[in-house]
Amino acid sequence: MKKANKYPGVSRQIDRHGKARYRYRDKFGNDAQLGTDYGSPEFEERYKAAVSGQKTRAVKECASSRTLNSLIIRYYGTAGFIGLEPSTKQVYRNILERLREQYGGFGVGSLQRRHVKKILEDKAATPVAANKLRHRLIVLLDLAIEMEWIENNPAQVVKPMKVKTTGFHTWTEGEIERYLAFYEHGTVPHTAMMLMLYTGAARVDAVKLGWSNVSDGRLEYVRQKTRTSNGMAISMPIHPSLATVLKEIPKKQKTFLQTKDGHQRSEKGLGKDIRKWCINAGLPGCTSHGLRKAIARRLAEAGASPHQIMAVTGHKTLSEVQKYTEAANRSKMADTAMLKMTRKKKDV
């Protein structure tokens, strides 16, 4: 029989000196360091104070200590973090909480380039995750500079890891045809595919789209990911193929992909459903995010400029668009480019 935890909410951390330290954290985000003497009278006093929410001297001292743990807590209270979209906040919290769990006791002032490099190298097996952690460390240590805890940001001088993968698979035309042949017009799987393929909307935006976003034959919305950072409003004409699908959806329906009971479908739920639908259709390598890349590929192959593609996908930088269009059929693009040059020569 599993032994009951005498101190619920307490976790153990090993600091950079190899010493065990204990921390209390509840589901509401309340956090307190409890020292190193597990089970001692002082430990008991601090634990009771943390549970009851009392700010004892020990807890106050801990809150002001310059560790990664306290720096992350301070970051959560900054306008830069508070102003983020909920989905982005959750992503950042997941990264930072794992960092706190492993390195929370490290003193920020003693962090050097080699320490940051070691933290990132521990995630060498997942270079994309390591690079995301590097970005979060840069932001954290910039905050430490602002608070005059440190003078330089060691994360800035650590190079990002090389990523060999091209990311999510971009759907090919053959895969698109196979999926649409498997799911009949009017079914949710078919509607979801067409909506994302012909808008380039990410899952978090696709689940919110409905007739309220349609005006004069155009689909208009602002990407949630960029809403708090002056994201440009997307306004695109509805493609005839998508219009054929949407006309079957009742005007009273709030969102195009709502559930059977009339509720808005969740972002994660849509992702899991599309994954399941793809597997059933014999397309295990395809995902919802791959559809966003597919429309960028199609636009590139049609000769659209990077800025024109950005107007559809909502990307804010040319480098982001380039990543999405790497799967574009180069032979088709070469044909388009040569045709343009031939026409130009005739004009001359």
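Details of the structure are given in the entry above.
None of the values given here were measured: they were computed from a predicted structure.

Novice: So what exactly am I meant to see when it comes to the sheet that holds strand E1 (residues 10-14) here?
Specialist: Ordered in space as E1-E2-E3, the three strands form an open sheet in which the pairing is antiparallel. Among the strands making up the open sheet, the edge pair consists of E1 and strand E3 (31-35). For this sheet, the mean inter-axis angle between neighbouring strands, taken without regard to orientation, is 30 degrees. Relative to strand E2 (residues 20-25), E1 runs antiparallel, the two sharing five bridges. For Gln 13, the partnering residue across the bridge sits in E2 and is Arg 21. Sheet strands in contact with helix H5 (residues 86-103) are E1, E2 and E3, and its direction is about 145 degrees off that of E2.

Novice: Looking at this structure, I do not really get the sheet that holds strand E5 (residues 218-222). What am I missing?
Specialist: Sheets are built from strands paired through backbone hydrogen bonds, the pairs being either parallel or antiparallel. Pairing in this open sheet of three strands is antiparallel, and the strands run E4-E5-E6 from one edge to the other. Looking at the sheet topology across the chains shown, the edges are occupied by strand E4 (214-215) and strand E6 (233-237). Pairing between E5 and E6: five bridges, direction antiparallel. Bridge pairing links Glu 220 to Ser 235 in E6.

Novice: Mind showing me how you'd approach the pattern of salt bridges here?
Specialist: Once the charged atoms of two side chains with opposite charge are near each other, the side chains can pair. Scanning all chains against the criterion turns up nine salt bridges. Of the charged contacts, one joins Arg 23 and Glu 101 as a salt bridge, the two residues approaching to 3.3 Å between their closest N and O atoms. Placement of Arg 23 in strand E2 and of Glu 101 in helix H5 is noted, with a sequence separation of 78 residues between them. With a shortest N-O distance of 3.5 Å, Glu 267 and Arg 203 are connected by a salt bridge. Remark: Arg 203 occurs in helix H10 (residues 203-206) and Glu 267 occurs in helix H12 (residues 267-280); sequence separation between them is 64 residues. Via salt bridges that share partners, Glu 173, Arg 297, Arg 298 and Glu 301 belong to a single interconnected network.

Procedures and definitions
- Residues numbered from 1 in each chain as written.
- Predicted model: local features only at pLDDT ≥ 70, side-chain atom pairs only at ≥ 80, totals over all residues.
- Heavy atoms only, no water.
- Pairing = 2+ DSSP bridges.
- Helix = DSSP H or I, 4+ residues; strand = E, 2+ residues; numbered from the N terminus.
- Axes fitted to C-alpha atoms, helices over the stretch in contact; angles between N-to-C directions.
- Contact = heavy atoms within 4.5 Å.
- Salt bridge = Lys/Arg side-chain N within 4 Å of Asp/Glu carboxyl O.

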